[in-house]
Amino acid sequence: MGLRAKIIGTGMHVPDRVVTNDDLAKLMDTTDEWIQKRTGIRERHYIEEGQQPADLAYEASKNALRAADLDAGQLDCIILATLSPQADFPGTSFFLQELLDVPETPCFDLRAQCSGFVYALAVANGFIQSGMYQRVLVVGCEVHSTGIDLTDTGRDVAVLFGDGAGAVVLEANADENDPAGLIEVRLHAEGKNAKKLWVEAPGSGFTPVRITHELIEQRRHFPYMEGRLVFKHAVTRMPEVLLETLGAASLKLEDVDLFLFHQANLRINEYVMGQLEIPAEKTLSNIHKFGNCSAASIPMLLDEAVSTGLLSRGQVVSMTSFGSGFSWASAVFRW
Ligand code: COA
């Protein structure tokens, strides 16, 4: 069976502050009804003054390490997927590494937006299968709340996003009697749609400086999204890559015990499940509680599946994402 990357621990963390749809309706022209009907979101969590992205990543990582019964010192590498880094550089992973008190463990950020976690899983899998590393911490971490336009102008995007972090510990598994581990992962991207869902500024292509008062006045430091186009691509690409990945693993839809979809919009996932005729009981959602946490959504969902006992060892899990880039990806593993 060879060397497989097995998930030996999961964890998540969200900040305490809950922001409901009604709270947002006090800041912009929106309603709880509009948001719930279009997206399924009821509330999300935002950081408070003084909290940093790495703090969320740290709590999620500690939980994953505890579940894996490991010390941070036993990690060979840390990969953190994010589109909302703590600083322009270095990556959030470096601040996390300091909090974990593992001063020389290699770490880096990976940028593939809402597909970041599945991309990071693929990279970690490569490290493990090549024999380069034994144990890799993979984290998805986002703080969206400080980067969205909480006025009428930004309402289409602002209501969707929340803050949170999810983490998994992967370990090389060579045990012939233990089939747990990643089976297949498939990644895709389409840069021609890069500007259909993006934040333009600060950007190193703006001369002579990356951010100006003018750019801010033009609100170009806030996300821009062509919502309907994103929706259309998501409902096409997600089933496509999910089936491609299962096919590569010689698995059928019926072989999968649990489907985890990126939490961008409940309607997207319902549409995808309808197309593939996946029964509702074979999936799990957390978007109603947390909104879209981009790279953190899938690991947060996986942690919930594990901690609530929904998932038991030996079961097959499929995870699929779609996001800015555009980027889309799917992985299938045996828990
Ligand atoms: N509250 C109230 N009204 C809003 C609103 C809000 N938060 N945001 C937009 N509207 C209004 C629009 O201004 C528009 O008004 P108009 O008809 O007077 O012009 C109306 O609602 C419909 O807007 P539209 O953008 O066509 O809505 P939609 O049905 O496409 O739903 C999304 C909007 C964002 C929910 C939907 O397009 C979507 O989910 N897209 C994918 C988003 C996504 O997944 N992003 C992340 C990918 S990782």
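That block above? That's the structure.
Worth saying up front: this structure is predicted, and the values here are computed from it rather than measured.

Remarks on the site of the ligand
Taken together, 22 residues lie near the ligand, and Thr-30, Arg-38, Gly-227, Arg-228 and Asn-265 sit nearest. Gly-227 has a polar backbone atom sitting 2.9 Å from a nitrogen atom of the ligand. The side chain of Arg-228 places a nitrogen or oxygen atom 2.9 Å from an oxygen atom of the ligand. Among the elements of the structure, α2 (32-39), α6 (155-158), α8 (227-248) and β12 (316-323) are those that each provide at least two residues to the shell around the ligand. Sort the elements by how many residues they give to the shell around the ligand and α8 lands first, with four residues. Partitioning the shell around the ligand into residue classes produces ten nonpolar, seven polar and five charged.

Examining the sheet that holds β12
Strand order in the open sheet made by the four strands is β8-β13-β12-β11, with mixed pairing throughout. Lying at the two open borders of the sheet, with one neighbouring strand each, are β8 (181-189) and β11 (258-261). The sheet shows a mean angle of 10° between the axes of neighbouring strands, taken without regard to direction. Inspection of the sheet shows β12 paired to strand β13 (residues 327-334) by eight bridges, in the antiparallel sense. Considered in β13, the bridge of Ser-321 is made with Ala-329. With respect to the sheet, helix α11 (residues 297-307) is in contact with β11, β12 and β13, its orientation differing from that of β11 by roughly 150°.

Here we look at the pattern of salt bridges
Side-chain pairing between opposite charges can occur once the charged atoms of the two side chains come close. Scanning all chains against the criterion turns up 16 salt bridges. Between Asp-29 and Arg-155 there is a salt bridge whose closest N-O contact spans 3.6 Å. With Asp-29 in the loop between α1 (21-25) and α2 and Arg-155 in helix α6, this pair connects stretches of sequence that are 126 residues apart. A salt bridge links Arg-186 to Glu-244; the nearest nitrogen and oxygen atoms lie 3.4 Å apart. With a gap of 58 residues between them, Arg-186 in strand β8 and Glu-244 in helix α8 connect regions that are remote in the sequence. You can call Glu-244 partly exposed: its relative accessible area is 31%. A single salt-bridge network, built from bridges that share partners, covers Glu-190, Lys-192, Arg-237 and Glu-240.

Re α8
An ideal rise of 1.5 Å per residue puts 32 Å on 22 residues; α8 measures up with 31 Å between its terminal C-alpha atoms. Listed in full, the buried residues belonging to α8 are Val-230, His-233, Ala-234, Val-235, Arg-237, Met-238, Pro-239, Val-241, Leu-242, Thr-245 and Leu-246. Looking one or two places after α8, you find Ser-250, whose phi comes out positive at around 55°.

So, how was this worked out
- Residues numbered from 1 in each chain as written.
- Predicted model: local features only at pLDDT ≥ 70, side-chain atom pairs only at ≥ 80, totals over all residues.
- Heavy atoms only, no water.
- Near = heavy atom within 4 Å.
- Polar contact = N/O pair within 3.5 Å; in protein donor to acceptor, adjacent residues only side chain to side chain.
- Helix = DSSP H or I, 4+ residues; strand = E, 2+ residues; numbered from the N terminus.
- Nonpolar A, V, L, I, M, F, W, Y, C, P; charged D, E, K, R; others polar.
- Pairing = 2+ DSSP bridges.
- Axes fitted to C-alpha atoms, helices over the stretch in contact; angles between N-to-C directions.
- Contact = heavy atoms within 4.5 Å.
- Salt bridge = Lys/Arg side-chain N within 4 Å of Asp/Glu carboxyl O.
- Buried < 20%, exposed > 50% of the residue type's maximum accessible area, 1.4 Å probe, protein only.
- Expected span 1.5 Å × (residues − 1).

So far we have only geometry, and geometry alone does not tell us how the molecule works.
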